[in-house]
Amino acid sequence: LLASLLWLFIDSRKGWHYHDKLNALMRTILRYHVGFTLVLYGIAKVYQYQFGYMGLDRMDVPVGDHSPMRFLWLFMSYSPTYNVTTGLIEMIGGLLLLFRRTTLFGSVISFIAMANVVLIDIAYDVTVKMFAIHLWLMVIVLLANDFKRLLNVLILNKATQPLKELPLFASPQTRKVGYVVKLLLVGYILISTFTFSRGIRQGMNDVREQSFLDSKYIVKSFIVNHDTLPPLAGDKSRWKEMTLGSSYAAGRLSIKDMSDATSRYTYQVDTVKMTLNFQASRDSTDKYVLHYQRPNPKEFVLYGTHKKDSIFVEMRVFGREGFQLGRGKINWVRDL
């Protein structure tokens, strides 16, 4: 406040004419900030790592146990088509904002894209809703100079005049420097973003490549030290089911006991030796050293040791096709 009052006092004495420059600087900052942000989020959707892959760890959770935000992530992770389409729209709008001549076109596209994001973030209580609202308001500021022109063309059906976006640098020498800085900045942001996204995408592909293990397994018999444990409700020492597969990272495994408590592990698989070894995420002493067998596509057997105990588990395979979402596909013609 004090700095602003001092600025106003000096300005009233000197009579500087800097409003056009400040306006150009503000609009340049907004264009690049919103543009790069939309490109980043657009690439995250095109590479499909923002919402992850719909793994069994998501499909196996009852709908009522999801928070609104997790429910949205489940919804978004189902359809790669929708993710890629919305991502491309955000990328196009963001890229158009990086150039003065296409600012209006990019602002219109970005306004529509961000309106959808803001509505979803508010409706599903997404934690970054205020960030999305701020971006949307920035786009509205970028559109402010063209409100009257858009009203004349789209609503009132009147003629209008072109509006030139003022450059940040006026002289030919400073413009050349600006072009070089812009080229380096845009090139660095885009190359680093695509490189980073490819690395994450490869990790997502690793998740899908382990499809032979990506299943839910229902425990039929559970034997510890040659004693068969009956499926008694509330028994925390007997497994009820095991789920392999994660929406974000490979090597994730969860086990639910008869009390419906879930323990999470990271696992390593050796397809040659047919071993499946896993360790609790929060307890390094909780380790399983097991061999696996697949007598048939619907049966899965684990045997080995856990701490000092021998363990033998027979399970029934309940794969993705067992879920309605796992069988989903686009039907162009369908009866009601």
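Presented here is a report on the structure given in the accompanying data block. Predicted model only: the values in this text are computed from it and were never measured. (Residues numbered from 1 in each chain as written. Predicted model: local features only at pLDDT ≥ 70, side-chain atom pairs only at ≥ 80, totals over all residues. Heavy atoms only, no water.)

All right, on to the overall build of the protein chain then. A tally of helices and strands in the protein chain yields nine helices and nine strands. Relative to a compact globule of 336 residues, whose C-alpha radius of gyration would be 20 Å, the protein chain shows 28 Å and is clearly more extended. Projected onto the principal axes, the alpha-carbon positions of the protein chain cover approximately 95 × 50 × 40 Å. A burial count over the protein chain gives 35% of its 336 residues as buried. In the protein chain, 53% of the contacts between residues at least 6 apart in sequence involve partners at least 24 apart. Distance from the positive charge centre (41 side chains) to the negative charge centre (26 side chains) of the protein chain: 13 Å. (Helix = DSSP H or I, 4+ residues; strand = E, 2+ residues; numbered from the N terminus. Rg over C-alpha atoms; globule rule 2.2 N^0.38 Å. Buried < 20%, exposed > 50% of the residue type's maximum accessible area, 1.4 Å probe, protein only. Contact = heavy atoms within 4.5 Å. Lys, Arg positive; Asp, Glu negative; His and termini not counted. Charge placed at Lys NZ, Arg CZ, Asp CG, Glu CD.)

If you walk through the whole model with that rule in mind, you get seven salt bridges. The residue Asp146 makes a salt bridge to Arg149 at a minimum N-O spacing of 2.3 Å. Lys220 is the salt-bridge partner of Glu299, the closest N and O atoms lying 3.2 Å from each other. Of the two residues, Glu299 sits in strand β8 (residues 299-306) while Lys220 sits in strand β1 (residues 216-224), which places them 79 residues apart along the sequence. The partly exposed category is assigned to Lys220, whose relative accessible area is 47%. Residues joined in a network through salt bridges with shared partners are Lys216, Glu241 and Lys256. (Salt bridge = Lys/Arg side-chain N within 4 Å of Asp/Glu carboxyl O.)

Attention now goes to helix α1 (residues 2-14). Here α1 spans 18 Å end to end across 13 residues, near enough to the 18 Å set by a 1.5 Å rise per residue. A positive phi of about 70° marks Gly15, the residue just after α1. (Expected span 1.5 Å × (residues − 1).)

A cluster of nonpolar residues, Leu151, Val153, Leu154, Ile155 and Leu156, forms a patch on the protein surface that exposes about 490 Å² of accessible area. By secondary structure assignment, the location of Leu154 is in helix α8 (residues 147-155). (Patch = residues over 30% accessible without salt bridge, like charges linked within 9 Å, V, L, I, M, F, W, Y side chains within 5 Å. Areas by Shrake-Rupley, 256 points an atom, 1.4 Å probe, with all protein chains shown as cover.)

Before going further, it helps to spend a moment on the pairing of β8. Of the strand pairs in this sheet, strand β7 (residues 287-296) and β8 are connected by seven bridges, and their pairing is antiparallel. Bridge pairing in β8 places Gln293 opposite Val301. Between the end of β7 and the start of β8, which pair antiparallel, lie two residues. Here β8 folds back onto strand β9 (residues 309-318), and the loop between the two strands holds two residues, one of which, Lys307, carries a positive phi near 60°. (Pairing = 2+ DSSP bridges.)

When the terminal C-alpha atoms of helix α6 (residues 103-123) are compared, their 29 Å separation across 21 residues agrees well with the 30 Å that a helix rising 1.5 Å per residue should span. Inspection of α6 places Thr103, Gly106, Ser107, Ile109, Ser110, Ala113, Met114, Val117, Val118, Ile120 and Asp121 among the buried residues, and these make up the whole buried set. The inward-facing, buried residues of α6 contact α2 (19-46), α4 (68-78), α5 (80-96) and α7 (129-143). Looking one or two residues beyond α6, the residue adopting positive phi is Asp125, at roughly 55°.

Mapped onto the elements of the fold, Arg27 is located in helix α2. Excluding anything up to four places from it in sequence, Arg27 contacts Thr103, Val141, Leu142, Asn145 and Glu165.

Read these as spatial facts, not as claims about activity.
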